[in-house]
Amino acid sequence: MLASRFPYPLEKGDKLRLYHQLRYLADEFDIYLFALTDETPDDASYQEIARYCQRIFVYPDQRAQRNLRVIHQVKDRWPAQVRYFYSPRIHRQFLRDFFRINADVIYCQLYRMTPYLAGIQAPKVLDIMDDFGSIAHLHAQNARQLHQRWFWRREHRLIKRYESHLLHEYDHVTVISERDAQNLNPPADVKLSIVRNGIDVSFFQEYPLRDKKPSYDIGFFGNLEYKPNIEGVRYLLQEILPLFRRQQLPIRILIGGKGAENLQWSASDYPEVTFHGWYDDIRSAYYAVRVFVVPLFLGSGMQNKVLEAMACDLPVICTSHVMQGMPMLREYAMVADQPQEFLNHYLTLTQNEKTASKQSGILSVLKHDLTWENQCSILKEILNDTRKSYGWSFTRYH
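Calculation criteria
- Residues numbered from 1 in each chain as written.
- Predicted model: local features only at pLDDT ≥ 70, side-chain atom pairs only at ≥ 80, totals over all residues.
- Heavy atoms only, no water.
- Helix = DSSP H or I, 4+ residues; strand = E, 2+ residues; numbered from the N terminus.
- Rg over C-alpha atoms; globule rule 2.2 N^0.38 Å.
- Buried < 20%, exposed > 50% of the residue type's maximum accessible area, 1.4 Å probe, protein only.
- Contact = heavy atoms within 4.5 Å.
- Areas by Shrake-Rupley, 256 points an atom, 1.4 Å probe, with all protein chains shown as cover.
- Lys, Arg positive; Asp, Glu negative; His and termini not counted.
- Charge placed at Lys NZ, Arg CZ, Asp CG, Glu CD.
- Salt bridge = Lys/Arg side-chain N within 4 Å of Asp/Glu carboxyl O.
- Axes fitted to C-alpha atoms, helices over the stretch in contact; angles between N-to-C directions.
- Parallel < 35°, antiparallel > 145°, perpendicular 65-115°, else oblique.
- Left-handed = near helix turned anticlockwise from the far one by under 90°.
- Pairing = 2+ DSSP bridges.
- Right-handed = clockwise from strand over helix to strand, strands pointing away.

### Some points on the overall build of the chain
The helix and strand tally for the chain stands at 17 helices and 13 strands. A globule of 398 residues ought to have a C-alpha radius of gyration of about 21 Å, and the chain, at 22 Å, matches this closely. Projected onto the principal axes, the alpha-carbon positions of the chain cover approximately 75 × 45 × 45 Å. Every one of the 398 residues in the chain was classed for burial, and the buried ones make up 55%. Considering only intrachain contacts with a sequence separation of at least 6, the fraction spanning at least 24 residues in the chain is 68%. Accessible surface computed for the chain: about 18500 Å², of which carbon and sulfur atoms make up 48%. Here the chain contributes 49 positive and 46 negative side-chain charges, whose respective centroids are spaced 6 Å apart.

### Comments concerning the pattern of salt bridges
All chains considered together, the criterion is met by 23 salt bridges. With a shortest N-O distance of 3.0 Å, Asp-38 and Arg-63 are connected by a salt bridge. With Asp-38 in the loop between strand S2 (32-37) and helix H2 (43-50) and Arg-63 in helix H3 (residues 63-72), this residue pair connects regions lying 25 residues apart in the sequence. For Lys-160, the salt bridge is made with Glu-163, and the minimal N-O distance between the two is 3.4 Å. Of the two residues, Lys-160 and Glu-163 are both situated in helix H7 (residues 146-166); the distance of 3 residues between them amounts to about one turn of the helix. A residue is classified by how much of its surface remains accessible, and Lys-160, at 27% relative accessible area, is partly exposed. Overall, Glu-163 belongs to the buried group, its relative accessible area being 3%.

### Topic: unusual backbone geometry
Looking along the chain, the bond that leaves Tyr-8 and enters Pro-9 is cis, with omega of 0 degrees. Note on placement: Pro-9 falls in the loop between strand S1 (2-3) and helix H1 (13-25). The phi dihedral of Met-129 is positive, around 65 degrees, even though this residue is not glycine. Locating Met-129 in the fold gives a position in strand S5 (residues 124-129). For Met-129, a relative accessible area of 6% corresponds to the buried category. Look at Asn-185: it is not a glycine, yet its phi comes out positive at around 50 degrees. Mapped onto the fold, Asn-185 is located in the loop between helix H8 (178-184) and strand S7 (192-194).

### Brief notes about the packing of helix H10 (residues 227-246) against helix H14 (residues 339-351)
Running from N to C, H10 and H14 point in directions that differ by 60 degrees, and their axes come no closer than 9 Å. What the angle tells us is that H10 and H14 run oblique. Where H10 crosses over H14, the two elements pack in a sense that is right-handed. From H10, Tyr-235, Glu-239, Ile-240, Leu-243 and Phe-244 reach across to H14, where they touch Pro-339, Gln-340, Phe-342, Leu-343 and Tyr-346.

### Structural notes on the pairing of strand S3 (residues 55-60)
Pairing of S2 with S3 involves 6 bridges; the strand directions are parallel. In the strand pairing of S3, Leu-33 is matched with Ile-56. Between the parallel elements S2 and S3, the chain passes through H2 in a crossover that is right-handed.

Structure (structure tokens):
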């Protein structure tokens, strides 16, 4: 397995996905993990991942060096995130380590890591996850400043060009949702499968303080160092909250997750809002609120936060953009694309309790279709089929 981040702790979506894939793949495969990191994992994090791996190779790469690579290689035809994560020094170290293990099949998470596998002739599966080309296009459309718009337009072009040359180099490609598959629009001869994110419903249902009365009316949680989530917070505070104020409706809002403490633009302007940083147990955040809102208009894939909120029995209000990535849950969430719609749905939810039958339907979908075990069984089949059907050429491989 090749990853751009050490997959623990679980503060980012790609780390969460890889961690659970490691857990379930370890039952059938001997896993060798190769991971970049800009922060040396502490011993507890390392030991947690070591439970599932035969061996771990960690390659430190300072953030300052990554930023310099992006700036100095601006004329390069690689997308910025590929330049950000690619180090010739680490590439040499990786090749020395990789050719010692004689891998049966390679699983690469995200196309930003593909330069490290260039020229290696072996069965390879690429998890693209989200359609980053569409993400870049959305960023360009919503950029507030001219230089941001220029950057994201250029990034969109570079990503689409990079993808067009990349897909045929892999024996199988996976994405998270139908929307990502459609936007990627691969050639007919490219094998592409959907491997969704999952949810451990029992973990969220068995929270010992779940019966405690919520302290907040609305919550929004996630990695708040990630631009789509930051923009979601901005929309919540600057577009939705003013409607509550104009109607003199009392409201208490909890915004939480890694980086939340950096979003206190002007705490005195938002006395209704509490910002909470990293949670050791994210369940304590979900069970502290009455309604979960996801006002996101950027990003792609599936929103893990929606799965987690639903697993905690929380009513969810989200945008149609969010729901396009998880259509199987459409009937269990309220959809809003305008501030007034968010307010109206909130009032409906708080004045009328959800029926038990509807909640039962949510949990049925989560427990049967969207478990990590179910989704990782699809990935296991892909890896095994790729390995078995590959035409080996040992002279090329070495």
